[in-house]
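Topology and contacts: notes
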Amino acid sequence: MTSRIYSHGTQRDGEQLRRDGWRNGMLAVSVSDQRLTTLEREAIRAIGERLYGGAHGKGA
């Protein structure tokens, strides 16, 4: 089944979605992204745990 609404749309890859989100004031990043330093990964992990709970969003 093909949607009439989205028939001409293109699917963006994950990296493009993250770039677009950043331009709109949102940040999506993986703590395993090898472009980050160890210190940056730990900062991202700490922020995620503070906002969303324990490891991978589990917990309070």
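Everything below is about the structure printed above this text.
Below or above, wherever it landed, is the structure these notes cover. (Residues numbered from 1 in each chain as written. Predicted model: local features only at pLDDT ≥ 70, side-chain atom pairs only at ≥ 80, totals over all residues. Heavy atoms only, no water.)

1. As for the overall build of the protein
Looking only at helices and strands, the protein has 2 helices and 0 strands in total. When burial is assessed residue by residue, the protein has 8% of its 60 residues classed as buried. Of the roughly 5,800 Å² that the protein leaves accessible, carbon and sulfur atoms contribute 55%. (Helix = DSSP H or I, 4+ residues; strand = E, 2+ residues; numbered from the N terminus. Buried < 20%, exposed > 50% of the residue type's maximum accessible area, 1.4 Å probe, protein only. Areas by Shrake-Rupley, 256 points an atom, 1.4 Å probe, with all protein chains shown as cover.)

2. Notes on the side chain of Arg41
Structurally, Arg41 can be placed in helix H2 (residues 38-52). Notably, Arg41 is buried but unbridged: the nearest opposite-charge side chain belongs to Glu42, and the N-O separation is 6.4 Å. If near-sequence neighbours (up to four positions away) are discounted, Arg41 is found in contact with Val31, Ser32, Asp33, Gln34 and Leu36. (Lys, Arg positive; Asp, Glu negative; His and termini not counted. Salt bridge = Lys/Arg side-chain N within 4 Å of Asp/Glu carboxyl O. Contact = heavy atoms within 4.5 Å.)

3. Some points on the layout of surface pockets
Each pocket or cavity is described by its volume, and for the second largest pocket that value is around 250 Å³. Forming the boundary of the second largest pocket are 13 residues, of which Arg18, Ala28, Val29, Asp33 and Arg35 lie nearest the centre. Sorting elements by how many residues they give to the lining of the second largest pocket places helix H1 (residues 14-23) first, with 4 residues. Of the residues assigned to the lining of the second largest pocket, the class counts are 7 nonpolar, 1 polar and 5 charged. (1 Å grid on protein atoms, 1.4 Å probe; cavity = no way out; pocket = protein on both sides within 12 Å on 5 of 7 lines; lining within 4 Å. Points joined across faces, edges and corners; volume = space filled by probe spheres on them. Nonpolar A, V, L, I, M, F, W, Y, C, P; charged D, E, K, R; others polar.)

4. Brief notes about the side chain of Asp33
You can see Asp33 is positioned in the loop between H1 and H2. The buried category is assigned to Asp33, whose relative accessible area is 17%. A polar side-chain atom of Asp33 sits 2.6 Å from a polar atom in the side chain of Arg35. (Polar contact = N/O pair within 3.5 Å; in protein donor to acceptor, adjacent residues only side chain to side chain.)

5. As for the pattern of salt bridges
The final tally for this structure, using the stated rule, is 6 salt bridges. Of the charged contacts in the structure, one is a salt bridge between Arg35 and Glu15, with a shortest N-O distance of 3.4 Å. Taken together, the positions of Arg35 in the loop between H1 and H2 and Glu15 in helix H1 put the pair 20 residues apart, joining distant regions of the chain. Judged by relative accessible area, Arg35 falls into the exposed class, the value being 59%. Residue classification places Glu15 among the partly exposed positions, given a relative accessible area of 24%. The partner of Asp33 in a salt bridge is Arg35, with the nearest N and O atoms 2.6 Å apart. One connected set of salt bridges, linked through shared partners, spans Glu15, Arg18, Asp33 and Arg35.

Read these as spatial facts, not as claims about activity.
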